[in-house]
Amino acid sequence: MHGKKIVVAVTGSIAAYKSAILVRMLVKEGCEVQVLMTDSAKAFLTPLTFSTLSKKPVYSEIIESDQWNSHVELGIWADVLLISPATANTLAKCANGQADNLVVATYLSARCHVFFAPAMDLDMWAHPATRQNIQKLTEHGAQILPVGNGELASGLVGEGRMAEPEEIVSYLQRHFTEQHTFSGKHVMVTAGPTHEAIDPVRFIGNPSTGKMGTAIAKAFARRGARVTLILGPVSAPPPAGVDVIPVQSAAEMYEVSTRTFPGCDIAILAAAVSDYTPANPSSVKIKKEEGPATLELKRTQDIALTLGKQKKNGQIIVGFALETDHAETHAREKLTKKNFDFIVLNTLEDAGAGFGYDTNKVKFLFPGNEVHAFELKSKAAVAEDICNTVAVLMH
């Protein structure tokens, strides 16, 4: 980590003493550390402690002694922003953009990866409001470091302890290593639904939001890949840092995917592509008539099957399967037929998984009956699991 620029933001928790140790360790690793403190953090440790350890003045206010401590410059300067300890109050302010102090203003200006090291009592940690704020922060791209389980400042025993300084340094070391995992690799990701026109105002589609595929595209981009995201019609704005090609129909997604795939090293097929499309779409709005209406459908071209047949040595293809019954059987058939390296299976039988959710519960199925099962987690975390697995296959 030598030469890395790290902003350590300290907030008001008894766990602030761990951050003093952390700053010392980061400096010994060769990092350039800039410490920020909230006013409440000063009740636990003085700015002098951190300025002595970091060899830099500590910033606490946006305007201090007629000087502007530019949160914008700090957000651009840093390679990593680490909020440690992160209290429930700070998590809430960051999640909701309440920039009433230098720490939150810097978080909102940060262009780098952001880590939170939460510290609070077990009931605060488990409270639905805190869980919701953590989910928001994860969706915004931040990483929440695991809390420890043990005796807390209240005397209670349970989850909520801030991670130990050694653990945090280890996370940061891994982060900087992973940044280059996919350098020089071209990754194609398909995401979202497709809309199959019945007439100019009606279509056949599904409720896919594209959240899973978008999270995957972001995760690969963060690790150094050049990412092409082929994105069906979704309401969310396209993610920054990736090349986005918008499409509407299965035919358009097929054309762009088959054109892009030969130049790719990795393809992640997360889109919910329509299997059928109207055989004779009308060029004008179909008028309502008495009696039942009949809509003739035809099969769309199978993108995954086509790419699986085109796959060259060294290329990796990851497929997705959303099932409602006999899930593993159907997914394994798809895995084999479409020549995937592995398939990500989720089922509507699991609460919190499937269309529209910010979470997912998946299994990775590999050739040879190997299965890796995961608990319910955010789609951003699932995307990291996919990246990790692809990295292993690559090597």
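Check the entry above for the structure.
Overview of the structure. (Residues numbered from 1 in each chain as written. Predicted model: local features only at pLDDT ≥ 70, side-chain atom pairs only at ≥ 80, totals over all residues. Heavy atoms only, no water.)

On to the overall build of the protein, then. Check the secondary structure of the protein and you find 13 helices and 23 strands. Among the 395 residues that make up the protein, the fraction classed as buried is 48%. Put simply, 69% of the contacts in the protein that link residues at least 6 apart link residues at least 24 apart. Carbon together with sulfur atoms contributes 52% to the accessible area of the protein, which is approximately 19,000 Å² in total. Put simply, the protein has 38 plus and 41 minus side-chain charges, and the middle of one group is 4 Å from the middle of the other. (Helix = DSSP H or I, 4+ residues; strand = E, 2+ residues; numbered from the N terminus. Buried < 20%, exposed > 50% of the residue type's maximum accessible area, 1.4 Å probe, protein only. Contact = heavy atoms within 4.5 Å. Areas by Shrake-Rupley, 256 points an atom, 1.4 Å probe, with all protein chains shown as cover. Lys, Arg positive; Asp, Glu negative; His and termini not counted. Charge placed at Lys NZ, Arg CZ, Asp CG, Glu CD.)

The next subject is helix H8 (residues 165-178). In an α-helix, one turn spans 3.6 residues, which is why side chains three or four residues apart end up on the same side. Between its first and last C-alpha atoms H8 spans 20 Å; for 14 residues at 1.5 Å apiece the expected length is 20 Å, and the two agree. Of the positions making up H8, those classed as buried are Pro165, Ile168, Val169, Leu172, His175 and Phe176. Mapping the buried residues of H8 onto a view down its axis gives an arc of 120°, with all of them on the same face. Close packing links the buried residues of H8 with strand E1 (5-10), helix H1 (16-28), strand E5 (80-86) and strand E6 (113-118). (Expected span 1.5 Å × (residues − 1). Arc of directions from axis to C-beta.)

Mapped onto the elements of the fold, Leu45 is located in the loop between strand E2 (32-37) and helix H2 (47-54). Separated by 33 residues in sequence, Leu45 and Gly12 place their C-alpha atoms 9.3 Å apart. Setting aside its immediate chain neighbours within four residues, Leu45 contacts Ala16, Tyr17, Ala20, Met37 and Phe50.

The next point concerns the pattern of salt bridges. Counting across every chain of the model gives 14 salt bridges. Two residues, Lys211 and Asp358, come together in a salt bridge whose shortest N-O distance is 2.7 Å. Within this pair, whereas Lys211 is found in helix H9 (residues 211-222), its partner Asp358 is found in the loop between strand E19 (342-347) and strand E20 (359-360), the two being separated by 147 residues in sequence. Classification of Asp358 as partly exposed rests on a relative accessible area of 23%. Its salt-bridge partner being Glu255, residue Arg259 comes within 2.9 Å of it at the nearest N-O pair. In this pair, Arg259 and Glu255 both sit in helix H10 (residues 250-260), 4 residues apart, roughly one turn of the helix. Given the relative accessible area of 52%, Arg259 is considered exposed. In this structure, a network of salt bridges that share partners links the residues Lys18, Arg161 and Glu164. (Salt bridge = Lys/Arg side-chain N within 4 Å of Asp/Glu carboxyl O.)

Pairing is mixed across the open sheet formed by 8 strands, whose spatial order is E14-E13-E10-E15-E18-E19-E21-E22. Strands with a single pairing partner mark the edges of an open sheet, and in this sheet they are strand E14 (243-246) and strand E22 (371-373). Sheet twist, expressed as the mean angle between neighbouring strand axes with direction ignored, is 15°. Note that strand E21 (residues 363-365) and E22 share 3 bridges and pair antiparallel. (Pairing = 2+ DSSP bridges. Axes fitted to C-alpha atoms, helices over the stretch in contact; angles between N-to-C directions.)

So, on to the packing of aromatic side chains. Overall, the coordinates contain 5 aromatic pairs when judged by the stated rule. Judged by centre distance (5.1 Å) and plane angle (40°), the ring pair of Phe342 and Phe364 falls under tilted. Here Phe342 is found in strand E19, whereas its partner Phe364 is found in strand E21, with 22 residues between them in sequence. The same class applies to Phe342 and to Phe364, which are both buried. (Phe/Tyr/Trp six-rings, centres within 6.5 Å; stacked < 30°, edge-to-face > 60°.)

The next subject is a nonpolar patch on the surface. A contiguous nonpolar patch, built from Ile14, Tyr17, Ile21 and Phe44 and spanning about 390 Å² of accessible area, is present on the exposed surface. Relative to the helices and strands, Ile21 resides in helix H1. Overall, Ile21 belongs to the partly exposed group, its relative accessible area being 41%. (Patch = residues over 30% accessible without salt bridge, like charges linked within 9 Å, V, L, I, M, F, W, Y side chains within 5 Å.)

So, on to the sheet that holds strand E7 (residues 143-144). Pairing in this open sheet of 5 strands is parallel, and the strands run E2-E1-E5-E6-E7 from one edge to the other. Sheet topology places E2 and E7 at the edges, where each strand pairs with a single neighbour. As paired strands, E6 and E7 are joined by 2 bridges and run parallel to one another. Within E7, the position partnered with Phe115 by the bridge is Gln143. Packed onto the sheet, H2 meets E1 and E2 and runs at close to 170° relative to E2.

Formed by 32 residues in total, the largest nonpolar core has its most connected members in Ile216, Phe220, Ile268, Ile386 and Val390. Taken together, the elements giving at least two residues each to this core come down to strand E10 (186-191), H9, strand E13 (226-231), strand E15 (266-269), strand E18 (316-323), E19 and helix H13 (379-394). In this structure Ile216 touches Val189, Ile268, Ala270, Phe320, Ala383 and Ile386, once residues within four positions along its chain are discounted. Val10, Phe50, Leu82 and Ala119 belong to the second largest nonpolar core, which has 30 residues in total. (Core = buried A, V, L, I, M, F, W, Y, C linked by side-chain atoms within 4.5 Å.)

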